[in-house]
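Read off the chains here:
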Amino acid sequence: LRAGGIPLANGTDWPVWPSAQPFVVAWNGANSEAPHDLPVIDGIRAYTEGGGRAVSRPDELGRLDVGYLADFIVLGSDPLTVPLDSVPDTEIREVWVNGARVR
């Protein structure tokens, strides 16, 4: 699908992979032993921008930008720069929903 230019969307409410954790799913797509060959950044975009498109709200969900809802997470490490084997262990330190810290 990605090679054909089709936008990808992913979510954790109905996982098709044994884990519903986004960074485990992103790692699985990028794992060289898996047949998917999906870079980690594309896996993350499938959860963020792809999620906004999937619910027909691409102009207010899925990005940190002016006019978008302030839903975001603060991570303990950058999953784009750590070794691939460390991506599933990415710590979520804070969760913000609509501009308020909820965790």
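On a predicted model such as this, the values are computed, not experimentally measured, just so you know. Within each chain, residues carry numbers counting from 1 in the order of the written sequence. Local features in this predicted model are restricted to residues whose pLDDT is 70 or higher, and side-chain atom pairs enter the listing and the counts only when it is 80 or higher, whereas totals over whole chains, interfaces and linings include all residues. The basis for every side-chain value is the complete set of heavy atoms in the structure, and neither hydrogens nor water enter the calculation.

**Description of the nonpolar core**
Rule in force here: To define a nonpolar core, start from buried Ala, Val, Leu, Ile, Met, Phe, Trp, Tyr and Cys residues and group those joined through side-chain atoms within 4.5 Å. Relative accessibility thresholds used throughout: buried, under 20% of the residue-type maximum; exposed, over 50%; partly exposed, between the two (1.4 Å probe, protein chains only). The contact criterion used is simple: two residues touch if any of their non-hydrogen atoms lie within 4.5 Å.
Within the largest apolar cluster, six residues are counted, these being Phe23, Ala26, Trp27, Ala30, Val40 and Val87. Excluding anything up to four places from it in sequence, Val40 contacts Ala26, Ala30, Pro79, Leu80, Leu84 and Val87.

**Some remarks on the pairing of strand 2 (residues 92-97)**
Our working definition: In this analysis, strands are considered paired if DSSP registers two or more bridges between them. By the criteria applied, helices consist of DSSP H or I runs no shorter than four residues and strands consist of E runs no shorter than two, each listed in order from the N terminus.
Sheet topology places strand 1 (residues 72-75) next to strand 2; four bridges connect them, and they run antiparallel. Each residue of the ladder has a partner; that of Ile73, found in strand 2, is Val95. Here strand 2 runs beside strand 3 (residues 100-101); their pairing, made up of two bridges, is antiparallel. Bridging from a neighbouring strand, Trp96 pairs with Arg101 of strand 3. The hairpin formed by strand 2 and strand 3 contains two residues between the paired strands, and Asn98 there has a positive phi angle of roughly 55°.

**A word on the pattern of salt bridges**
Should the charged atoms of two oppositely charged side chains come close, the side chains can pair. Note the threshold: Should a side-chain nitrogen of Lys or Arg be within 4 Å of a carboxyl oxygen of Asp or Glu, the pair is scored as a salt bridge.
Counted by the stated rule, this structure contains five salt bridges. Put simply, Glu94 and Arg101 hold a salt bridge, and the shortest N to O gap is 3.7 Å.

**So, the sheet that holds strand 3**
With respect to topology, three strands assemble into an open sheet ordered 1-2-3, the strand pairing being antiparallel. The open sheet is flanked by strand 1 and strand 3, the only strands paired with a single partner.

**Some points on the packing of aromatic side chains**
To keep it simple, the criterion reads: Paired rings are identified among Phe, Tyr and Trp, the last through its six-membered ring, by centres lying within 6.5 Å, and are further divided according to the angle between planes into stacked (under 30 degrees), edge-to-face (over 60) and tilted (the rest).
Applying the stated criterion to the full structure yields one aromatic pair. Between Phe72 and Trp96 the ring centres are 5.5 Å apart and the planes differ by 10°, which places this aromatic pair in the stacked class. Taken together, the residues Phe72 in strand 1 and Trp96 in strand 2 connect sequence positions 24 residues apart.

Spatial relationships are all this shows, so hold off on functional conclusions.
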